[in-house]
Each structure stands twice: as C-alpha cells, then as structure tokens.
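Descriptive structure summary
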Amino acid sequence: MSNPILSMEGVCLSFKSKRVLDNLTFSVARGETFGFLGPSGAGKTTTIKLLTRQLVKDAGRIMLLGRPIENASDADYERIGILSDTSALYERMSIEDNLRFYARVRGKGAGDINRLLERMGLIEDRKTLVKNCSKGMRQRAALLAALIHSPELLFLDEPTSGLDPAARAEVHKMLAELKESGTTVFLTTHDMAEAETVCERIAILNDGKIVACDAPESLKLRFARNRLTIRTHTRGTVVTTKDAAAASQVHDLLAAGECLSIHSDESNLEEVFLELTGREF
C-alpha cells in the first residue's frame, strides 16, 4: 500500500510481564473505513491509545499521517478525531455547550452544531445537561464532539455501543458520508453486522496478534464451508460437497425434478471470527 495514512510494523507492547501487542503489522489507506475487531482484552483499545500517543510502544514502527509517530506534531493531531472510552463530556454543561466548547478548542465556528444535533436526533435535547443524559444520548453527543472539526482521520472505539437501532442506522449513514468526503475511519466494534456494513477491510486481533486482515466478503469466502444443502420433493434434505464429485448427484436431482431449493452454505463473519479466535464475539 503506497502512502497509507497510518501503519504499524512489528509493534510490540507489554504491561509488566504480559505481552499485550505482539508484532502488530498493518496499514490503513487514505479514505478507507478500516475495522479492527477482536474479543474483549485482545488489544483493540490499546492499539488506538498507541496511535493517539496515549501510550508508547516497546518496539516496532508506527507511521501516522506520513511521518513517524514520534515526530507527529500538535498540528497533526488537529487533523484527528477520537471517540474512545476516555472521551469526556463535561457533566454540568449541556450537550450544545459541550459542542460549542469543543468547536472553540478546535478553532472552528459553531455554524454546523445545529445541523449535527439534528442529524443525530439531539436537537430537542440540546439544552439537556450531560449528567442527565441517557447512555445513548451521551454516546451520540461524544461522537459529534469527535466530528466537530471535520477530521481527516477518525478513531471510533465502539461508536454505536448503547444506541438503539434507529440511532445506529444514523451513525452508519454518517460514516458512509464521511467516506464519501474522504475521511479515514479506524473503527472498533462488537457488532459484526456493523463491521460488514461499513468496513472495506477488517483486521481480526486475538491475544495481541492479527490473525486475519482482508475485506469481509473475502474472509467469508476464504473460510467458507464446502457444503451444499438441497431440499427435495420426496428425498428429504440432501447435504453434499461443493466439488466435481457431487456434480452428478446435483444433476440427477435437477433432472428428476426433485429440487425445491439449493443453498451454498457460506460462513458468516461471526463464524469466521469464532474459528480464528476460538472465542465468542
């Protein structure tokens, strides 16, 4: 990949005697929506903290916005937005006042705030103090705070956690619009459907190591089960393999008019995840 917006090469990190990240190597293209998936404790949030200089690696190389992360300037980080478990909204300020504050910090005007509040269904609640907000309202407001300065690179750590289906769908629409505008999104999620819907590529992390990295459809095909299921009129359900040896069997069933349906049994993304990690998502 030429000129990625961020990359890790051989990155390692340990907390005391525990190796948290082990030889982490991947890159993200400019304008890409990249999913970073893994079980709890796999190292996803730790990776984001490394990429945002909240932690320092033990070994390896990290490139961010075209330069080694050690040389990244404050101006570089002005081009980045972050929604993570450490994202903070001021409890005694309203949603709107929080967004106005973050807009000023980022050197932006307040012109887009009402549009963003409307888009996320918060316009009627804009005067509500954050301490009185539900978890879903807080999450939506924190996402808007991360977007307030139209970042070039956006880190989203489980952005739809706690959101209802309608709000989740709105976030997905917003992510699609961000992609159209050229924003790069680095996304962690526990929602497989979300990863498949919004991500062009995903990396699966297990015990601090990347065990697969590809487009969701490519991963499903790579780990597809070699099985056809045929429902027939009089012979029940016939299960066979997807290869030349089964071709005559399928042909005979079709010729006899027995076939009600033929299904290729493909793995879904959750099954791929389970196979690669040995753990439930």
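Residues numbered from 1 in each chain as written. Predicted model: local features only at pLDDT ≥ 70, side-chain atom pairs only at ≥ 80, totals over all residues. Heavy atoms only, no water.

Attention shifts here to the packing of aromatic side chains. In total, this model carries eight aromatic pairs according to the counting rule given. Their ring planes at 10° and their centres at 5.6 Å tell us that phenylalanine 26 and phenylalanine 34 sit as a pair that is stacked. By the burial criterion, phenylalanine 26 is buried, and phenylalanine 34 matches it. Here a set of aromatic residues connected by ring pairs shows up, and it is made of Phe26, Phe34, Phe36, Phe155 and Phe186. (Phe/Tyr/Trp six-rings, centres within 6.5 Å; stacked < 30°, edge-to-face > 60°. Buried < 20%, exposed > 50% of the residue type's maximum accessible area, 1.4 Å probe, protein only.)

Okay, the packing of helix H3 (residues 95–105) against helix H5 (residues 135–147) next. How two helices pack is summed up by the angle between their axes together with the distance between the axes. The interhelical angle for the contact between H3 and H5, taken along N-to-C directions, is 20°, at an axis separation of 9 Å. One way to sum up the angle between H3 and H5 is to call them roughly parallel. Of the two possible hands of crossing, H3 and H5 adopt the one that is right-handed. Contacts between H3 and H5 pair Ile95, Leu99 and Tyr102 from the former with Met137, Ala141, Leu144 and Ala145 from the latter. When the residues that make up the contact of H3 with H5 are grouped by side-chain class, the tally is seven nonpolar, no polar and no charged. (Axes fitted to C-alpha atoms, helices over the stretch in contact; angles between N-to-C directions. Helix = DSSP H or I, 4+ residues; strand = E, 2+ residues; numbered from the N terminus. Parallel < 35°, antiparallel > 145°, perpendicular 65-115°, else oblique. Left-handed = near helix turned anticlockwise from the far one by under 90°. Contact = heavy atoms within 4.5 Å. Nonpolar A, V, L, I, M, F, W, Y, C, P; charged D, E, K, R; others polar.)

Let's shift gears to the side chain of aspartate 157. If you trace the backbone, aspartate 157 turns up in strand S7 (residues 153–157). Buried within the structure, aspartate 157 lacks any salt-bridge partner; lysine 44 is the closest side chain of opposite charge, at an N-O distance of 6.6 Å. Setting aside anything within four residues of it in sequence, one finds aspartate 157 in contact with Thr45, Ile48, Leu83, Ser84, Asp85 and Thr188. (Lys, Arg positive; Asp, Glu negative; His and termini not counted. Salt bridge = Lys/Arg side-chain N within 4 Å of Asp/Glu carboxyl O.)

Oppositely charged side chains can form a pair if their charged atoms are brought close together. Summed over all chains, the structure comprises 22 salt bridges. Note that glutamate 96 and arginine 126 form a salt bridge whose closest N and O atoms lie 3.9 Å from each other. Within this pair, whereas glutamate 96 is found in helix H3, its partner arginine 126 is found in the loop between helix H4 (113–119) and H5, the two being separated by 30 residues in sequence. A salt bridge links lysine 127 to glutamate 96, with the nearest nitrogen and oxygen atoms 2.7 Å apart. In this pair, lysine 127 is assigned in the loop between H4 and H5 and glutamate 96 in helix H3, connecting sequence segments 31 residues apart. Its relative accessible area of 57% is what places lysine 127 among the exposed residues. Connected via shared salt-bridge partners are Arg30, Arg67, Asp76, Arg79 and Glu152.

Attention now goes to the domain arrangement of the protein. As assigned here, the protein comprises domain 1 (6–215) and domain 2 (225–265). Domain 1 and domain 2 are separated by 46 Å when their C-alpha centres are compared. (Domains from an automatic or database assignment.)

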